[in-house]
Amino acid sequence: MPDYRPKLTALRIFQRAFGEGSVISTTHIKKQMKERNFDMNDVISVKDTGIIEKDPERDIKTGEWKYNIRGEDTEGQPLEIVFSILGDRKVKLITGWRP
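The paragraphs below set out a description of the structure included in this document. None of the values given here were measured: they were computed from a predicted structure.

What counts, and where the lines are drawn
- Residues numbered from 1 in each chain as written.
- Predicted model: local features only at pLDDT ≥ 70, side-chain atom pairs only at ≥ 80, totals over all residues.
- Heavy atoms only, no water.
- Buried < 20%, exposed > 50% of the residue type's maximum accessible area, 1.4 Å probe, protein only.
- Helix = DSSP H or I, 4+ residues; strand = E, 2+ residues; numbered from the N terminus.
- Pairing = 2+ DSSP bridges.
- Core = buried A, V, L, I, M, F, W, Y, C linked by side-chain atoms within 4.5 Å.
- Contact = heavy atoms within 4.5 Å.
- Polar contact = N/O pair within 3.5 Å; in protein donor to acceptor, adjacent residues only side chain to side chain.
- Axes fitted to C-alpha atoms, helices over the stretch in contact; angles between N-to-C directions.
- Parallel < 35°, antiparallel > 145°, perpendicular 65-115°, else oblique.
- Left-handed = near helix turned anticlockwise from the far one by under 90°.
- Nonpolar A, V, L, I, M, F, W, Y, C, P; charged D, E, K, R; others polar.

### Describing the pairing of strand 5 (residues 90-97)
Argument step 1. For strand 5, a buried count of 6 out of 8 residues is recorded, marking the element as mostly surrounded by other parts of the structure.
Argument step 2. As paired elements, strand 4 (residues 78-87) and strand 5 share 7 bridges and run antiparallel to each other. Pairing of Val82 across the sheet is with Thr95, part of strand 5.
Argument step 3. Between strand 4 and strand 5, which pair antiparallel one after the other, the connecting turn spans 2 residues.

### Observations regarding the nonpolar core
A general trend in soluble globular proteins is that nonpolar side chains are found buried together.
Argument step 1. Ranked by size, the top nonpolar core spans 20 residues in total, and within it Ile69, Ile81 and Phe83 carry the most contacts.
Argument step 2. At the level of elements, helix 1 (7-20), helix 2 (27-35), helix 3 (40-49), strand 3 (65-72), strand 4 and strand 5 are the ones that each hand at least two residues to this core.
Argument step 3. By residue number, the principal contributor to this core is helix 1, which donates 5 residues.
Argument step 4. Apart from the residues within four sequence positions on either side, Ile69 is in contact with Leu11, Phe14, Val46, Gly50, Ile51, Ile52, Leu79, Glu80, Ile81 and Phe83.

### Regarding the environment of Lys90
Argument step 1. Relative to the helices and strands, Lys90 resides in strand 5.
Argument step 2. When the C-alpha positions of Lys90 and Phe14 are compared, they lie 7.6 Å apart, and in sequence the two are 76 residues distant.
Argument step 3. Look past the residues within four positions of Lys90 in its chain and what remains in contact with it is Ala17, Ser22, Ile24, Ser84 and Ile85.

### Concerning the environment of Arg70
Argument step 1. Note that Arg70 resides in strand 3.
Argument step 2. A sequence separation of 56 residues divides Arg70 from Phe14, and the C-alpha atoms of the two residues are 12 Å apart.
Argument step 3. Those residues in contact with Arg70 that sit more than four places away from it in its chain are Val46, Thr49, Gly50, Ile51, Glu53, Leu79, Glu80 and Pro99.
Argument step 4. At 2.8 Å, the side chain of Arg70 and the side chain of Glu80 are in polar contact.

### Let's talk about the packing of helix 1 against helix 3
In a pair of packed helices, the angle between the axes and the distance between the axes together describe the arrangement.
Argument step 1. Relative to each other, helix 1 and helix 3 sit at 130°, their axes nearing to 10 Å. Taken as axis vectors, helix 1 and helix 3 run oblique relative to one another. Both helix 1 and helix 3 take part in a crossing whose hand is left-handed. Of the residues in helix 3, those in contact with Phe14, Gln15 and Phe18 of helix 1 are Met40, Val43, Ile44 and Lys47.
Argument step 2. Taken together, the residues that form the contact of helix 1 with helix 3 break down as 5 nonpolar, 1 polar and 1 charged.

Quick look at the structure:
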């Protein structure tokens, strides 16, 4: 399990995972995508427009650090995605919502 990463480092890992690494979508985020009307194109848009404003929180079940990235979907609407870092080029998408 990766250690804590500073916000800027976590943002770069998130961005790099989409091009040079891998992105894992949990069952939960897949369900949220349907219920909250967003898709992977919107998540990619958040990758390009988003920032991580607050410090990550440790997941008490998995021990992973969870980061929140807030950006805009493909239509310019706000969208927030929660993810964890599994490696230098690998992230797991946990959930998402429209703030």
